[in-house]
Amino acid sequence: MAYERLVVERQGPVGWLIFDRPDVGNAMDARMMTELEEAWRELDDDPAVRVIVNTGNGRNFQTGLDVAALSRDKEAMTEQSRRTRDAALRFTAWHNQVWTPVIAAVNGNCAGGGLHFVADADIVIAARDAQFFDTHVSLGQAMSYEGVGLSHKMAFEPIMRMALVGRSERMPAARARQLGMISQVVDPPDRLRDAAQELAEQVAKNSPAAMRATKKALWGALEHGLTDACRAGAQELVDMWGHPDQTEGPLAFAEKRDARWETAQLEES
Amino acid sequence: MTFSKFDTLIVERHGPVGWLINNRPEQLNAMSGHMRDEFGDAWLELDADPEVKVIVHTGEGRAFQTGVDVQELATDGMGMERYRESVENWDLHFTAWQQGVQKPVITAINGICAGGAFHWVAEADIVIAASDAQFFDPHVSVGQVVAIEAIALLRKMPFESVMRMALVGRYERMNAERAYELGMISQIVDPPEQLREVAQELGETIAKNSPAAMRATKRALWGALEHGLTEGCRAGAQELVSMWGHPDQTEGPLAFAEKREPRWADLPPS
């Protein structure tokens, strides 16, 4: 697919998925949502891509649905409403069951529906001047999926405050890090992409098969009570036994050398 | 009550505090098959001893614990297969939670805490750490999956931090200060040499509370991790009501009114 709303590129083992509608805060129109589904699939299916970084062009990371554009496009609006109602969204990595590790690198504002991409990433880092806020209720809209996702991943009160205060208050990157919503603040902000690339290259050194099973176990854990989650996690654990990486890792450790991971494409899950 | 003699653990009691100390310092307290078995017995002995009101778990040497003994796995020809049955059947016995320990458990992290060591962070009630403690999870860097210990941990702290540790592997370490910020631990002990002293003090402080009330509290709060909110509250209500009529439940308010120390009932075996 020729992308018009995204930039999709590769740097070494790292696939980049970049929102590219800087004039409208990278807001999502129908075309962008279609391209996102395509881009996540393309990067996740590429065996050369070990880690995916998601960021935005311009001074915003992502500001949610482009309601103006969607209101001019009846058909797209109907389809979007259906997907929302049926919990069948397809624009984040989690929606698309991407098992390659995903790092969100938040440049600038992350507002409203932009929080989907924070909630649904594995790792989140942000530029020092990034700001998080949720405008839904200020525009007469309910905030739901993003807040539900985040509430499984961090303290509840800050999410509820963000949801209820709406556009009148913004959370700076430093507070997001304190709360564990993100793990790293990049300063100066223009170092964000370098920092994301470095982090991604470190992650890319690990066993792809073990990381995929780890993602399945930990995201799966959000679906169940603790004991059931541990039982399901035990299955992910054991499924890796007998995989070449699983014996290669300890062997490389014992022999004090770098591990040689299985590079064959991971089987479709 | 006297404790069994263990090869890989030190088990002892100081006042009301029972100590379980990882004792394979040469291997950074990595868990061999034998140590795994000894853990199961040690938790049960400590939980059964009526003199022990609180249990502290720490390690000898420069590491708290570093997970499974990878050297043993790589060299003895059995690898992880020895553990397959117990993991597949969810039949594990090396942590307090797995053993159904009803007394409060404090994990006191000395030095390195890596990989499988997170079992005892995730599955303790309270965690404190020396200021030089370091946390990291090298599983995916040695071709292993991160699952059970992280699943419990992410119920208890922000998800992203756990996932970052799981996916970055051995290439990054979290210090005690960050672990404290994130609420993974509740206290940093500085200088590090005072860790055991501080843990003993905390243990003695907790030992002043009603054993029966703490047992019911543990059941309610750990039980809450099994359910959605409404169902968790319903289950918790059962634990709450289970204390009504218990002697501690009237003794507590009475001692408070009379400005004296309460005299708690001993905990019957569970």
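Structure report, in brief. (Residues numbered from 1 in each chain as written. Chains lettered and ligands numbered in written order. Predicted model: local features only at pLDDT ≥ 70, side-chain atom pairs only at ≥ 80, totals over all residues.)

## Regarding the interface of chain A and chain B
And step 1. Taken residue by residue, the interface counts 48 residues in chain A and 45 residues in chain B.
And step 2. Of all the elements in the fold, those that place two or more residues in the side of chain A that touches chain B are β7 (123-127), α8 (192-203), α9 (208-221), α10 (226-239) and α11 (244-254) of chain A.
And step 3. Looking at the side of chain A that touches chain B element by element, the count peaks at 10 residues for α10 of chain A.
And step 4. Of the residues assigned to the side of chain A that touches chain B, the class counts are 27 nonpolar, 14 polar and 7 charged. (Contact = placed C-beta atoms within 7 Å. Helix = DSSP H or I, 4+ residues; strand = E, 2+ residues; numbered from the N terminus. Nonpolar A, V, L, I, M, F, W, Y, C, P; charged D, E, K, R; others polar.)

## Quick word on the nonpolar core
And step 1. Ile103 and Ala126 of chain A together with Ile151 of chain B are the most contacted members of the largest nonpolar core, which totals 152 residues.
And step 2. For Ala126 of chain A, the residues in contact, after removing those within four places along its chain, are Val106, Ala173, Ala176, Ile182, Val185 and Val186 of chain A. (Core = buried A, V, L, I, M, F, W, Y, C linked by C-beta atoms within 7 Å. Buried ≥ 20, exposed ≤ 12 C-beta atoms within 10 Å, placed from the backbone.)

## Things to note about the packing of α9 of chain A against helix α6 (residues 159-168) of chain B
And step 1. Contact geometry for α9 of chain A and α6 of chain B: axes closest at 10 Å, N-to-C directions at 160°. Between α9 of chain A and α6 of chain B, the angle falls in the class roughly antiparallel. For the element pair α9 of chain A and α6 of chain B, the recorded crossing hand is right-handed. Contacts from Met211, Thr214 and Leu218 of chain A in α9 of chain A reach Met163, Ala166 and Leu167 of chain B in α6 of chain B.
And step 2. Among the residues forming the contact of α9 of chain A with α6 of chain B, the class breakdown is 5 nonpolar, 1 polar and no charged. (Axes fitted to C-alpha atoms, helices over the stretch in contact; angles between N-to-C directions. Parallel < 35°, antiparallel > 145°, perpendicular 65-115°, else oblique. Left-handed = near helix turned anticlockwise from the far one by under 90°.)

## Observations regarding the pairing of strand β1 (residues 9-14) of chain B
Residues and elements named next belong to chain B.
And step 1. Note that β1 and strand β2 (residues 17-22) share 6 bridges and pair antiparallel. Counterpart to Val11 in the pairing with β2 is Leu20.
And step 2. In this antiparallel pair of consecutive strands, β1 and β2, the connection spans 2 residues, and Gly15 shows a positive phi of 60°. (Pairing = 2+ DSSP bridges.)

## A few points about the packing of helix α9 (residues 211-224) of chain B against helix α10 (residues 229-242) of chain B
Residues and elements named next belong to chain B.
And step 1. Relative to each other, α9 and α10 sit at 175°, their axes nearing to 9 Å. When the axis of α9 is compared with that of α10, the two are roughly antiparallel. Between α9 and α10, the residues in contact are Ala216, Arg219, Ala220, Gly223 and Ala224 and Gly232, Ala235, Gly236, Glu239, Leu240 and Ser242, respectively.
And step 2. Its residues assigned to classes, the contact of α9 with α10 comprises 5 nonpolar, 4 polar and 2 charged.

## Brief notes about unusual backbone geometry
And step 1. Cis geometry is found at the peptide bond from Asp187 of chain A to Pro188 of chain A, where omega equals 0°.
And step 2. Structurally, the position occupied by Pro188 of chain A is in the loop between β10 (184-186) and α8.
And step 3. Cis rather than trans, the peptide bond between Asp190 of chain B and Pro191 of chain B has omega equal to 0°.
And step 4. Phi at Ala87 of chain A is positive, roughly 50°, even though this residue is not glycine.
And step 5. As for its placement among the helices and strands, Ala87 of chain A is situated in the loop between α3 (74-85) and β5 (102-106).
And step 6. Judged by C-beta crowding, with 9 C-beta atoms within 10 Å, Ala87 of chain A ranks as exposed.
And step 7. In this model, Lys256 of chain A sits at a positive phi of 50°, which is unusual for a non-glycine residue.
And step 8. Relative to the helices and strands, Lys256 of chain A is located in the segment after α11.
And step 9. Residue class for Lys256 of chain A comes out exposed when judged on the 6 C-beta atoms lying within 10 Å of it.

## A short note on the environment of Ala147 of chain B
And step 1. Relative to the helices and strands, Ala147 of chain B resides in the loop between β8 (134-136) and α5 (148-153).
And step 2. Once the C-alpha coordinates of Ala147 of chain B and Leu44 of chain B are considered, the two residues, 103 residues apart in sequence, prove to be 25 Å apart.
And step 3. The residues touching Ala147 of chain B, leaving out its near neighbours within four places in the chain, are Thr214, Ala217, Gly233, Ala234, Glu236 and Leu237 of chain A.

## With respect to the sheet that holds strand β5 (residues 105-109) of chain B
Whether parallel or antiparallel, the strands of a sheet pair through hydrogen bonds between backbone atoms.
Residue and element names in this part refer to chain B.
And step 1. In spatial order, the strands read β1-β2-β3-β5-β7-β10; together these 6 strands make up an open sheet with mixed pairing. On the outer flanks of this sheet lie β1 and β10 (187-189), each paired with one strand and no other. Sheet twist, expressed as the mean angle between neighbouring strand axes with direction ignored, is 20°.
And step 2. Alignment of β5 against strand β7 (residues 126-130), held across 4 bridges, turns out to be parallel. Looking across to β7, one finds that Thr107 is bridged to Val127.
And step 3. Against the sheet, helix α1 (residues 33-48) touches β1, β2 and β3 (54-59), its axis set at about 10° to β1.

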